[in-house]
Amino acid sequence: MKKLFLIVFFFINSFIVNISNSSEIIKYPLPEITNYPPSITGGHSQTWDITQGKDGKLYFANSYGLLIYDGKEWKFLLLDNKYSARSLDVDDDDNIIVGSLGEFGFISNDGNGNIEYSSLKGLLNEENNNEDKIYETFSLNNNEIFFRSLNKLFFYKNKKISIVNKVKKKTFGVSRYLNDKLYVAINSLGIALIEDKKPVIIDNSEIFNNKSISGFHMSKENNLIVFTRKSGVYKEIKNEFVKIDNEIIDSIGVIYRTYNLKKNKIGLATYEGLYILDIDFKPLIFLDRDSGLRIDNVRIVFEDKDENIWLGLDDGIVKINTNSFFKYLPKGFNNLNNTPLSMDSFNNYLYVGTPIGINKLVINQDSILRQKFIEIAETEVRTQVWSLYNNGTDLLVGSNLGLGKIDINDNYEQLIDIKLTGWVYYGIKESKIFEDYLYVLSDNGVFIVNKKQPNKYKIIHNIKNVSHIEELIDKNEIWLAVPKKGVYRIKLSSKDIEQLNESEVKEYDDTYLLKKGKIKVLKIYDKLIFKTQDKYYQFNEKSESFYVSEFFDSVPNIDEKTIWEIKKTRNNTYWMYFDELKNDKRIQTFYELNESLNFKKLPFNSLSHHLSAKFYFIEDLNLIGSTEGVVVIGNLSNKRKQGKTIFSSIKNNDKSIYNLGPKKDLFDEEFIIKNLFNYNENKFSFKVSLTDYINEKNNQFKYKLEGYENDYSKFSKNEIITYTNLQPGNYKFYIQGISSEGIITNPEVYSFKINPPWWQSKIFYLSEILFFLILLSVTLFLKKSGKATIIATSISFMMILALFEYINFLVDPLILLYSNGVPVFTIFSKIILGVLLLPLERLMNKMLDYVSNSNFFQKLTSIKK
C-alpha cells in the first residue's frame, strides 16, 4: 500500500510540475552510463571505496587490491598482505592512503618509477597489532590520517600512531569527517564526536542504539543528519534526533552507505540501486539495473573533479556522466522501441512520431523517478509518422496516412483525404509570408493550410513531390526543390493567399543547375544555398544563373561530407549535421554557424554514431532524434574544467623508468624520473593519458619532441609514442590532450639528455687535436730530413681528418634539425668536406714548409742544438 501511495504521489507531483513548466516534459532522462566489469578492470568483483589524485588518476579499493585508472588503462597493485583494499583517501600532499584487512599504509615509489605499497603497520607495537578490516580512511585537516576498524581507531602523524580503543567494549561503526569534526557511530551506545582523540557521546543519540547507521551529513542549518540502514533518516533539531518522514527513503529496503556529494547532494548506495537526493531529501536521480547499471547492489558512491559519479558495485564499477552535455531517452528503454522520426510538445507532454505510430512520454506509475512512452491512437495511426506540429489546440500529424490531428484526449482525426495529399513525407513548416498558415509537403503537392482550421487549404501551383521549401520574405519569393527534377521560384504578386496561384513560377532544370539525385534548398540567414549530390550552389539574381558556392569551404574536408540537417537555434545561430566515410565507417560531425558566418565544431563527438539525426528546439529544450533514440542537450555555454594530460609510463630501451610511481610519498621521500642517458640508451616510448572522464575513449593527443622535430603532430587517439635511434643531445617531449568536448589541456613536458659516446665528446676531439699539435711541433724539428717530412705530412693529414670529424660532430645535429631529418643534406655536407680535404692538406704542407724554413724556426733549432 505504501509503494502504491508513493507512486501515485510522484505521478501527481510530476503532473503539477509539468503544467507549470513545459521544459519538464522530459523529467528523468538517463545520463550516459558506462560499466567496467572485472574483465575490463582486471580486478575482482567488489569495489569498496574510490578516491582521486590531484593529477586526476582514480584509485579503487577492490577485493583484488588497489585498481588505478587514468582514462586509458587499468592497472592494479597487490598489497603486502595480498588481501583486498577496503578504504581510501588522498591527503593534501596528494598521498594515496589505503586501508585493508589488518593493514594500512600508503602508495610509494620503488625507486625505479613503479608504484609500490608501503605499510604503516610497522609503527605499531605488537600488543596494538590490528587484524580488523579498516572500513574508513580519512585525511584530517591537522595533517593527521584516521583509520577506523571495528575495535580500534588509529591516528597517524609524523611517523607515529595513536590508538583509541573500544568504548565499554562496544565496537565502532560508520564514521564521517564533516566540517572539521570526526563523527563515529558506536554500536549500542549512539554517536560519538571525537575530541582530542576521545569519543564523546552526543546527547540523545542513544535513539540509534538498536539501529545500524549508514552515514552522516550536515543540513543547511549545520545540524547533523543521520541515515540508517533500514530505519529511515533522522535530523538533529534542538538537540533531539527527529525522524524525517520521506516516502522514498522509507521505502528503500537497505541503505548500505550514504556519501556527501558536491552542491549539497547526498548519494545513497543501496541494494536497489543509486539514489541521489538534494539536501532537503528531494530525489534527483534513481538508477538501477533497468537503467543500465550492471547490478543493483551499490557499495560506494564517489564524485570526481568533473562531477562524474563513480559507483563501486558488488560486481564491477560504473561511471555516470551526470555533468555531460547530454542525457538520453535511449531506444529500447522506457518503451521507446523505434527510431524517432518527428517530435513536438503538446498538452504538456512530449510526442514522438516513429515508423509505426505515435508515442507519448508519461510518468511511469510502476517505477520511481521514471518516465515511459505509451502508444496513442495505435489503431488509427499504425504507420510512419514523418512530422508533428503543435498548432496550439491540436497536434497536427503528417504521415503515410496524409494529414491528421491529435486532440487533447489523444484521439486521432483525419483532416484531408489521403487521396488528395498522398503521403505527407517531407514535413509541416510554418510560413512567414502568409501569417497563420502552414506548408504541408506531400506527394501530391504543397498544401498551404490554415493553422487553426487545417482542413481548409490551397495547393501551390500543383508542383508535386516537393522535398524542401524556403521563403525570401524581403523579396516575396518562395523556392521549392523537387528531387531529380530541379528547383522552382515563385515570385508572389501579393501576400494575399487568394492570389497565390496567380504568381509567376519559374523552373530551373538541368540547363540551369547541374545536379545528380536529390537536391536541397537551405536557407541560412538571408542566403539560399542549393545542395546537389556533389556541389553547393548560390543564385545570381542579375544573370538568372547558379554558381558554385564557397559558403561551406571553411568546414574541414567539406568535399567528402554530406549535409543532412540544418536548423536555426533560439540564439540566432544554425546547427548542422554532416556525415562522411572514415576508415570505412560512417561518422557524424556537428557544427554551429554564427552571424559572422564562422563555423565552429560542436562538442558532440560522443554522438558520432547517431545516424539520421534531426534537431528539435521545443520550448527551452534542445533535442536530437536519431537512430539511437532521443538526446537531451544541456547548456553548451557551461564552462568545463580542464583535465590534465599525464605520463602513464615512460620506457627507455624497453625498460620502464616511470610507471605511475609518485614523486614524493607520505614519508617525504622524493623520487626523480631518470633523465640522463648514455648514447646507446636512445629508444624512448611514452604512454600518455588524459584524466577527463566525460567520454575518455574519445580523448585525443598531439605531441612534439623538441630537439628532433619542430611541429606538433595532429591530434589523434594514439596514446603510445615511440622514438628510436635518437642522436645524442638535449630533448623535451611535449604532450597535449583534447577532451571529447574539445577542451585542450596545458602541455606536459619531460626533459632528458642523451650523452654522446666518449669518442664523440668535445674533450676527446680537443685532446685529439692537442695530441697531433704536439706531434706536429716535434716533427717540425725533423722536417729537414726526408723521413721526417713524410711523417709530418702524414700527421697533418690525420689532423685534418680529426678536424673534419669534430666539424661533423657539431654540424650534423643542426643539419638534421633544419632539414627535418632528410639524410641527403648530411651526405652533401660530407661531400663538401671531402672536396676540401686535398686543398687543405696541400695548404697545410706549404705552411709546414714555410714554418720549417723560416728564420725563426732556424734560430729555434740552432738554440736547441
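All of these numbers come straight from a predicted model, not from anything done at the bench.

How each quantity is defined
Residues numbered from 1 in each chain as written. Predicted model: local features only at pLDDT ≥ 70, side-chain atom pairs only at ≥ 80, totals over all residues. Heavy atoms only, no water. Pairing = 2+ DSSP bridges. Helix = DSSP H or I, 4+ residues; strand = E, 2+ residues; numbered from the N terminus. Axes fitted to C-alpha atoms, helices over the stretch in contact; angles between N-to-C directions. Core = buried A, V, L, I, M, F, W, Y, C linked by side-chain atoms within 4.5 Å. Buried < 20%, exposed > 50% of the residue type's maximum accessible area, 1.4 Å probe, protein only. Contact = heavy atoms within 4.5 Å. Patch = residues over 30% accessible without salt bridge, like charges linked within 9 Å, V, L, I, M, F, W, Y side chains within 5 Å. Areas by Shrake-Rupley, 256 points an atom, 1.4 Å probe, with all protein chains shown as cover. Salt bridge = Lys/Arg side-chain N within 4 Å of Asp/Glu carboxyl O. pLDDT = per-residue confidence, 0-100. Phe/Tyr/Trp six-rings, centres within 6.5 Å; stacked < 30°, edge-to-face > 60°.

This part is about the sheet that holds strand β26 (residues 298-303). The 8 strands are arranged β26-β27-β28-β1-β29-β56-β55-β54 in an open sheet whose pairing can be described as antiparallel. Strand pairing shows two members of the sheet lacking a second neighbour, β26 and β54 (614-618), which therefore form its edges. This sheet shows a mean twist of 30° between the axes of neighbouring strands, independent of strand direction. As paired strands, strand β27 (residues 309-313) and strand β28 (residues 316-321) are joined by 5 bridges and run antiparallel to one another. Across the sheet, G312 pairs through a bridge with I317, a residue of β28.

Attention shifts here to the nonpolar core. With 31 residues, the main nonpolar core has F60, V301, W310, L311 and I320 as its most contacted residues. When neighbours within four sequence positions are excluded, V301 is seen to be in contact with Y259, L261, G267, L268, A269, L274, I309, W310 and L311. Core analysis: the next-biggest nonpolar cluster, separate from the first, contains 22 residues, I673, F684, L690 and I721 among them.

What follows is about a nonpolar patch on the surface. Residues I827, F828, I831, I832, V835, L836, L840 and L843 make up a contiguous nonpolar surface patch of about 730 Å² in total accessible area. With respect to the helices and strands, the residue L843 is situated in helix α7 (residues 823-853). We classify L843 as partly exposed; its relative accessible area is 46%.

Within the protein, residue pLDDT values average 89, and 89% of them lie at 70 or more. Within the model, pLDDT remains below 50 along residues 1-22, and this stretch shows 28 contacts once partners closer than five positions in the same chain are excluded.

Scanning the entire structure with this criterion turns up 61 aromatic pairs. When the centroid spacing of 5.8 Å and the interplanar angle of 35° are considered together, the rings of Y69 and Y693 count as tilted. Of this pair, Y69 sits in strand β4 (residues 65-69) while Y693 sits in the loop between β60 (684-690) and β61 (700-706), and the two are 624 residues apart along the sequence. Each of the two residues, Y69 as well as Y693, counts as buried. Aromatic pair W575 and F615: ring centres 5.7 Å apart, planes at 70°, arrangement edge-to-face. In this pair, W575 sits in strand β51 (residues 574-582) while F615 sits in strand β54, placing the two residues 40 residues apart along the sequence. The pair formed by W575 and F615 is uniform in burial state, with each residue classed as buried. An aromatic cluster is built from F647, F677, F684, F686, Y703, Y708, Y723, Y731, F733, Y750 and F752, whose rings are joined through pairwise contacts.

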